[in-house]
Amino acid sequence: MAALGWLTPRRRSATARSVLAGEASAEAARKSAQDEPPSLTGARQAPPEEPAEAEFPVQGDDLAAAFFDLDNTVMQGAAIFHFGRGLYKREFFRRRELARFAWQQAWFRLAGVEDPEHMQDARDSALSIVKGHKVCELMSIGEEIYDEYMAERIWPGTRALAQAHLDAGQKVWLVTAAPVETATIIARRLGLTGALGTVAESVDGVYTGRLVGEPLHGPAKAEAVRALAAAEGLDLERCAAYSDSHNDIPMLSLVGHPYAINPDTKLRKHARAHDWRLRDYRTGRKAVKVGVPAAAGVGAIAGGTAAAIALHRRRK
């Protein structure tokens, strides 16, 4: 899609592949949530650092849920890059492949456009890493990688928002283009209900190197939320969604309570035009109504890009 297309992202329609990806992600999310022991789902961690608005979320509203984007919304940087660092440390692939993968991720975040050939190349690189490996193996390694690279990168403010929904008796789901297994680990560690993520095909517990549908990105995220809401009997007008990226405007537009978290420029403009709420934790600000400009802070891609640069320098 040309760059101009991102000026009106709500007009982007879902393709058959994005619908398939969304439905597969919703099914995987519900299954993983049902498989979790009760002590993990909805587990309580530290109390929120700041209260949500008095009128929201509504206590005891079981027709409502919250959907949180992951990268730069809940976590600083890109989860898939942190996961890649962990796999590289365990010699799943070589330095050249890591550099290529990091560049693909950084390019996409910087450009903000979906060039089909580039996206296909990035997708094939990621899938080739896990092809032939067991799902249980990657899940076990993912637990270790979370402790090594991700645990200290959670935004406390966004975590507090998620906890407010949990305390109100609502389910809270991550929604991300990262692999659903990685997303599920992060959701479990944060005490959330579960996660919607990209579903990689597996046969007899072994990755085939193919996706089910396409990456859970843009319209596919919206389709996943829509499918999960239908399966869970949710009223989307009573639900909330949180994201940093204009790519997630299709998802944010589905719910009655959209929030822009650490927003990029395009999302900030869209949020201002539609009177959405803004929270910017890059500067330590409290919640403000859209219309009060956020101070200049670390860009949305800073976490992942800085990590890539630091890793490259250390290994020279």
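The model shown is predicted, which means the values in this text are computed figures rather than measured ones.

Structural notes on the pairing of strand E5 (residues 206–211)
Residues in a regular strand project their side chains so that they alternate between the two faces of the sheet.
Then, number 1: As paired elements, strand E4 (residues 200–203) and E5 share three bridges and run antiparallel to each other. In the sheet register, Ala-200 faces E5, and the bridge partner there is Leu-211.
Then, number 2: If you look at the hairpin formed by E4 and E5, you'll find two residues sitting between the two strands, and Asp-204 has a positive phi there, around 55°.

Let's talk about the pattern of salt bridges
It is possible for side chains bearing opposite charge to pair when their charged atoms get close.
Then, number 1: Applying the stated rule across the entire model yields 14 salt bridges.
Then, number 2: Ionic pairing is found between Asp-61 and Arg-238, a salt bridge with its closest N-O pair at 3.0 Å. Of the two residues, Asp-61 is situated in the loop between helix H1 (16–35) and strand E1 (65–69) and Arg-238 in the loop between helix H8 (219–232) and strand E6 (240–243); the sequence distance between them amounts to 177 residues.
Then, number 3: Looking at Asp-61, the relative accessible area reads 10%, which means it is buried.
Then, number 4: When its relative accessible area of 35% is taken as the criterion, Arg-238 is described as partly exposed.
Then, number 5: A salt bridge links Arg-210 to Glu-201, with the shortest nitrogen-to-oxygen separation between them at 2.7 Å.
Then, number 6: For Arg-210, a relative accessible area of 49% gives the class partly exposed.

Section: unusual backbone geometry
Then, number 1: At Asn-72, a position not held by glycine, the phi torsion is positive, near 65°.
Then, number 2: One can find Asn-72 in the loop between E1 and helix H2 (79–89).
Then, number 3: Not every positive phi belongs to a glycine, and Asp-275 is a case in point at roughly 60°.
Then, number 4: Relative to the helices and strands, Asp-275 resides in the loop between helix H10 (265–273) and strand E8 (277–279).

Topic: the side chain of Asn-247
Then, number 1: In this fold, Asn-247 is placed in the loop between E6 and helix H9 (249–252).
Then, number 2: At 3.3 Å, the side chain of Asn-247 and the side chain of His-246 are in polar contact.

A few points about the packing of aromatic side chains
Then, number 1: Inspection of the entire model under this criterion finds two aromatic pairs.
Then, number 2: Between Phe-68 and Tyr-242, the ring centres sit 4.1 Å apart and the planes meet at 5°, which makes this aromatic pair stacked. With Phe-68 in strand E1 and Tyr-242 in strand E6, this pair connects stretches of sequence that are 174 residues apart.
Then, number 3: The exposure class assigned to Phe-68 is buried, which follows from its relative accessible area of 1%.
Then, number 4: When its relative accessible area of 2% is taken as the criterion, Tyr-242 is described as buried.
Then, number 5: Aromatic side chains Tyr-242 and Tyr-259 sit 4.7 Å apart centroid to centroid with 25° between the ring planes, which places their arrangement in the stacked category. Of this pair, Tyr-242 sits in strand E6 while Tyr-259 sits in strand E7 (residues 257–261), placing them 17 residues apart in sequence.
Then, number 6: Ring-pair connections join several aromatic residues into one group, and the members of that group are Phe-68, Tyr-242 and Tyr-259.

Details of the nonpolar core
Then, number 1: With 45 residues, the main nonpolar core has Phe-68, Leu-87, Leu-174, Ile-186, Leu-192 and Tyr-242 as its most contacted residues.
Then, number 2: At seven residues, helix H5 (residues 135–150) tops the list of elements feeding residues into this core.
Then, number 3: Those residues in contact with Phe-68, other than ones at most four positions away along the chain, are Val-74, Thr-158, Leu-161, Ala-162, His-165, Val-172, Trp-173, Leu-174, Val-175 and Tyr-242.
Then, number 4: If you look at the next biggest cluster of nonpolar residues, it comprises 30 residues, including Ala-65, Leu-236, Leu-254 and Ala-271.

Rules and cut-offs
Residues numbered from 1 in each chain as written. Predicted model: local features only at pLDDT ≥ 70, side-chain atom pairs only at ≥ 80, totals over all residues. Heavy atoms only, no water. Pairing = 2+ DSSP bridges. Helix = DSSP H or I, 4+ residues; strand = E, 2+ residues; numbered from the N terminus. Salt bridge = Lys/Arg side-chain N within 4 Å of Asp/Glu carboxyl O. Buried < 20%, exposed > 50% of the residue type's maximum accessible area, 1.4 Å probe, protein only. Polar contact = N/O pair within 3.5 Å; in protein donor to acceptor, adjacent residues only side chain to side chain. Phe/Tyr/Trp six-rings, centres within 6.5 Å; stacked < 30°, edge-to-face > 60°. Core = buried A, V, L, I, M, F, W, Y, C linked by side-chain atoms within 4.5 Å. Contact = heavy atoms within 4.5 Å.

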